[in-house]
Amino acid sequence: MNTLLRISLALLLLGCFDGQAQIQGKIDGYLKKIYQKHTIPGFAAVVVKDGEIVYKSGFGKKSLGKSADFTHKTVSDIGSLTKSITAVAIMQLVEQNKVSLDTPMVHYLPDFRTADKEMSDKITVRMLLNNTAGLKSNPVPSYRPSTKALEHVFESLKTTFLAREPGASYEYSNTDFSIAGLLIQRLTGMSYEAYVEENIFAPLQMKSSISNSLALDTSASFQGHYYGPKPLPSLNRGFVKSGEYVPAGSATQSTVEDLGNYLIALLQGGRFKGKEVLSEESIKHLWHPNISFQGLSKADGGNGKKYQYGLGWMISKIDDRNVVHHGGSTGTMSSFTMIDLANNTATSLLFNLDLTFIDRHQFVPHYTIANNILHLANEEDISEFGIPIAEDETKNSFELNLKEKGKYIGEYHFESGGFAWMNFGLILKVEMTHQQELRGKALRNNETVREFYLDFINPSTCVTRNIASPETIRFTFTPKGEIKGLFWNGRRYKKKNEADMENLHTYTLAKHKRVVLPNNWTFDKTPTGFMASNRDNGSKITGWINSRSTGEDTSDTEMYLAHLQLTKRGLKTRQNFSIHTWEMQSFQTAQGAMLTVFNSINSESQIHLVLESNAGNHTKNINDVMIPLITFLRVNSI
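Procedures and definitions
Residues numbered from 1 in each chain as written. Predicted model: local features only at pLDDT ≥ 70, side-chain atom pairs only at ≥ 80, totals over all residues. Heavy atoms only, no water. Axes fitted to C-alpha atoms, helices over the stretch in contact; angles between N-to-C directions. Helix = DSSP H or I, 4+ residues; strand = E, 2+ residues; numbered from the N terminus. Parallel < 35°, antiparallel > 145°, perpendicular 65-115°, else oblique. Contact = heavy atoms within 4.5 Å. Nonpolar A, V, L, I, M, F, W, Y, C, P; charged D, E, K, R; others polar. Buried < 20%, exposed > 50% of the residue type's maximum accessible area, 1.4 Å probe, protein only. Polar contact = N/O pair within 3.5 Å; in protein donor to acceptor, adjacent residues only side chain to side chain. Phe/Tyr/Trp six-rings, centres within 6.5 Å; stacked < 30°, edge-to-face > 60°. Core = buried A, V, L, I, M, F, W, Y, C linked by side-chain atoms within 4.5 Å.

**Re the packing of helix α6 (residues 174–188) against helix α7 (residues 192–201)**
Item 1. At their nearest, the axes of α6 and α7 sit 9 Å apart, and the two run at 80° to each other. Judged on the interaxial angle alone, α7 and α6 are roughly perpendicular. Where α6 approaches α7, its residues G181, I184, Q185 and T188 are matched on the opposing element by Y192, E193 and Y195.
Item 2. Along the lines of polarity and charge, the residues of the contact of α6 with α7 split into three nonpolar, three polar and one charged.

**Quick notes on the side chain of N371**
Item 1. Within the secondary structure layout, N371 lies in helix α10 (residues 366–377).
Item 2. Note on N371: relative accessible area 0%, which makes it buried.
Item 3. Engagement of the side chain of N371 in a polar contact is seen with the side chain of D319, the distance being 2.9 Å.
Item 4. For N371, the side chain forms a polar contact with the side chain of R321, separated by 2.7 Å.
Item 5. If we skip the residues at most four places from it in the chain, N371 touches I318, D319, R321, M338, S383 and F385.

**Things to note about the packing of aromatic side chains**
The geometry of an aromatic ring pair comes down to the distance between the two centres and the angle between the two planes.
Item 1. Evaluation of the coordinates by the stated rule reveals 19 aromatic pairs.
Item 2. Centroid distance F43 to F59: 5.1 Å. Interplanar angle 20°. Geometry classified as stacked. With F43 in strand β1 (residues 42–49) and F59 in strand β2 (residues 52–60), this pair connects stretches of sequence that are 16 residues apart.
Item 3. Assessed through its relative accessible area of 0%, F43 is described here as buried.
Item 4. Classification of F59 by relative accessible area gives buried; the value is 7%.

**Here we look at the nonpolar core**
Item 1. L31 and F475 are the most contacted members of the largest nonpolar core, which has 132 residues in total.
Item 2. Looking at which element gives the most residues to this core, the answer is helix α8 (residues 256–267), with eight residues.
Item 3. With 21 residues, the next largest nonpolar core counts V515, F523, I541 and L629 among its residues.

What follows is the structure, given as structure tokens:
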């Protein structure tokens, strides 16, 4: 090689390095400005281009008031980005001829069904991965890791009716991916977590990534932050995960460095450092549009065009280029990943605050940040995509007078509704501040998980005000004008009746085990639970509480019922009360007495209750005694 050629090559390489350094500098400068102007305590970003990581860095702190920095090695929740990982796992099984996307689920899981078997028999594997299966069942999670959690979701479907024709339309569903995770378990004989670790994380050298909900509390992770009043979020001091929704994103944690390896494999035809985790054809299948749904409107800063959903990924046209993307939300942390297919560029971001529902009129949303990172990585100008151009339509000048405000004060208990597992089982307390404003506190086991002020639009409707997007709360009233409950973004809450609670007494069985009963009932502990009775009318309740780890089931209840002469039995039904789902069945004895058996199906412990009373008192006992008991029952629950 002559001297002139060496000099030319050196100058070319120097120019490439200089150009890459300039791009890195622009990305870094942009993210520093985001951090300075935002309310995010800490976040990290990675950028992949042409098969290698070209940028990785962190900003801010892992936790408010702590010294540890948030870096590219910080382990954080990835939320629903897990859905793409579940889709990769299913496609691996497709390549092994263990499953076919368009074969009905009942072919692989013969016991798969909903309450309408004819409808659910039409559900295919593909429908689970593109959110068109129509599965709306959302059993209240136990908030504790469990190896049987996915089976619990599966069983809950049997009493659930489909809301739509399978395959007909898109509806975001965590349940779809939980069932896909169970399919992986049944076909491979491995737990979902073990399969993902062995077949995705290990070959991609994602050494800090984990989906094992049983091991999360010992990982090098942290808790993130809940939404609080401006200007800063509230620190989350608890640890709440749901084993029921692991394949959908309730537990998976990673670092942006690890996610960089994941993105390299996706952009390199499924290969990473000589190992193939998936074929290029399968990756194209993941990113092929299956069904469309409404995208970001022009008023909200989008282009009004529809998004598409592939298999575990969303596909859309942003700033005249095709991108693949997916976010993740866990209530305290969030992620966002975006891939520019034409430029072979991708980015992943992890935040220790949930930006999925951040108030976009106050703060830049995560998809805007990701989109601009990709623009800068390809030496393009940043855009305003995702920044709302319309005013916040919830702003208004309506004001309640002080006397009216008083009737909203109280405690509201979650009953049902919603699809986000992190919102199940909450208690909402509405209080009056010293400034005579109404403030809401959402709590789980006395820990505040969200705070906001109530801004009323009219006497029955208000919106929440904090650093998150305003959410609508609609109050419900009795004919006399008293508040009986509320609806909060599709979730139903019942107001606690203080007069009723005055007549109740709390009995403690042991640590984290307590029972609520009327004052005129007696209570006695037994070796396996408790007995309670009303001496005035002869009604009684027998309860058995067994640890699920013992392997015991309903044998105590069955033995008890075997000594009775049961002449009639009713149908089994299921209903959610607070944090537990209960299966209920009534019986009649030869002597004319009535019994109703209550079995919890999603608590950490097995809870079995039998109410016995005469026919005249039985319905009243269910309403006045059993419903408060099972609503406020706490047995090994967070």
